[in-house]
Amino acid sequence: MRTLLYVRKGTLDWAEAPDIGVTVGTDAIVRPIAVARCDLDDAFLRHDLGRPLRLAHAAGIVDRRLLGDLGRRPFTGPFPFGHECVAEVLEVGGEVRSVRRGDVVVVPFQVSCGGCRACSRGLTASCTTDRRTPVSMYGLGAATGGWGGTMTDRLRVPHADHMLLPIPPDVEPVTLASAADNIPDGWRAVAGPLRRWPSAPVLVLGGRAKSVGLYAAASAVALGAGSVDYLDTDPERLEIARRLGARPVERAASWRRMPARRGDYPVVVDANGERGALAYATRSLAPGGICTSVAIYFTAGTRVPMWELYVRQGTVATGLANARAELPAVLAAVATGSLRPELVTGVLADWEDAPRAMLAPATKVVVTRARLTEPSR
Ligand SMILES: [Zn+2]
Ligand SMILES: [Zn+2]
């Protein structure tokens, strides 16, 4: 079978890999037919992160635990690329009941079992079954468990009955190509807070988590937020935000030069990740408000404005998204048409063009190919 490898910054290469099959009765083998580039993929496709992170670790600039959690050589190729996909089911083990050959399914990017204590609490990102590494997911090589990448002909999915969600009828696979990770990541940043504050105005700080911030804005619109203000410096993302039904607000390049905003928003999302964004997000909170940071802060000693939070009775939440746990609600919103993730996709390319297309500067890149199987039902 053929697999796409991440080699280094700017270089993806096809390679032959040994065929894989069902190893236990609860497995499925799937063939990805729509793969999206995650915001994290985009970061290591554009920058060599591995060596700078190791040097920064040695110098104490990044968090001391980073290399323990992501392996000694994080983001260092070659490794099988891709962790977001919609796939067709090729084979299932003897114990799999909920899917069969020919089904088209979303494959959550994190491997989870559905039955352990963490999973039963909805913390599927922290599933303890089959856990080989602190962070367990497809598409980053041995550092995150060696589960393979989604740019491949055959991908093994353990716990298939729990993991695989058939896509809704009348929804195209390409629409849900990012549903494995970035879409539920944006959804969770607003869904919980809007349950606490129904119809509240929402503020999204767009930036490094390029598509996740936009999916958060789209989710807030779908979930009936009173208003959705989307702050960014990037013209393309501001335009996408407008199409999604949010109010685009162009901001100054430096957070320090942004006028202080106080107390307007019960729900704030930090998808920016730059120095100063968290402080701005916190200042923007209404009393009792919740800021969810979906940006990833690698640096040691990131400042959190605790006094501001104390006075405003605010909460800053962060953490890996529990993609599998969020997915049923996400798929339901896409099925009704209230959530339209396809509006975020800027480049849609053929599977064979992936090595080039995945490097496009667009916010979201998706590659597709025709299915091999007949629909099962
Ligand atoms: Zn991702
Ligand atoms: Zn589990």
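A brief look at the structure comes next.

Analysis parameters
- Residues numbered from 1 in each chain as written.
- Chains lettered and ligands numbered in written order.
- Predicted model: local features only at pLDDT ≥ 70, side-chain atom pairs only at ≥ 80, totals over all residues.
- Heavy atoms only, no water.
- Donors = N, O, S within 2.8 Å, 3.2 Å for Na, K, Ca; no water.
- Helix = DSSP H or I, 4+ residues; strand = E, 2+ residues; numbered from the N terminus.
- Axes fitted to C-alpha atoms, helices over the stretch in contact; angles between N-to-C directions.
- Parallel < 35°, antiparallel > 145°, perpendicular 65-115°, else oblique.
- Left-handed = near helix turned anticlockwise from the far one by under 90°.
- Contact = heavy atoms within 4.5 Å.
- Nonpolar A, V, L, I, M, F, W, Y, C, P; charged D, E, K, R; others polar.
- Pairing = 2+ DSSP bridges.

### Brief notes about the coordination of the zinc ion (ligand 1)
Moving on, step 1. At the metal site, the zinc ion (ligand 1) is ligated by Cys38 (SG), His83 (NE2) and Asp181 (OD), and these contacts range over 1.9 to 2.2 Å.
Moving on, step 2. The sequence pattern describing where the donors of the zinc ion (ligand 1) fall on their chain is C-x44-H-x97-D. Residue Cys38 is found in the loop between β3 (28-36) and α1 (39-46), and its partner Asp181 is found in the loop between β8 (165-166) and α6 (182-196); the two are separated by 143 residues along the sequence.

### Focus on the packing of α6 against helix α7 (residues 210-222)
Moving on, step 1. For the pair α6 and α7, interaxial distance at closest approach is 7 Å and the crossing angle is 45°. Classed by the angle they form, the pair α6 and α7 counts as oblique. Here the hand of the crossing between α6 and α7 comes out right-handed. Of α7, the residues touching α6 (which contributes Asn182, Ile183, Asp185, Gly186, Trp187, Val190 and Leu194) are Ser211, Val212, Tyr215, Ala216, Ser219 and Ala220.
Moving on, step 2. Of the residues in the contact of α6 with α7, the class split is eight nonpolar, four polar and one charged.

### Some words on the sheet that holds strand β9 (residues 201-205)
In sheet architecture, strand pairing relies on hydrogen bonds along the backbone and comes in two forms, parallel and antiparallel.
Moving on, step 1. The six strands are arranged β11-β10-β9-β12-β13-β14 in an open sheet whose pairing can be described as parallel. Because the sheet does not close on itself, it has two edges, and the strands there are β11 (247-250) and β14 (315-318). Shown here is a sheet whose adjacent strand axes are inclined to one another by a mean of 20°, direction ignored.
Moving on, step 2. Relative to strand β12 (residues 265-270), β9 runs parallel, the two being bridged by four bridges. When the sheet's bridge partners are listed, Val202 is paired in β12 with Val267.
Moving on, step 3. Those strands touched by α6 are β9, β12 and β13 (285-293), and its axis lies near 170° from that of β12.
Moving on, step 4. Against the sheet, α7 touches β9, β10 (227-232) and β12, its axis set at about 165° to β10.

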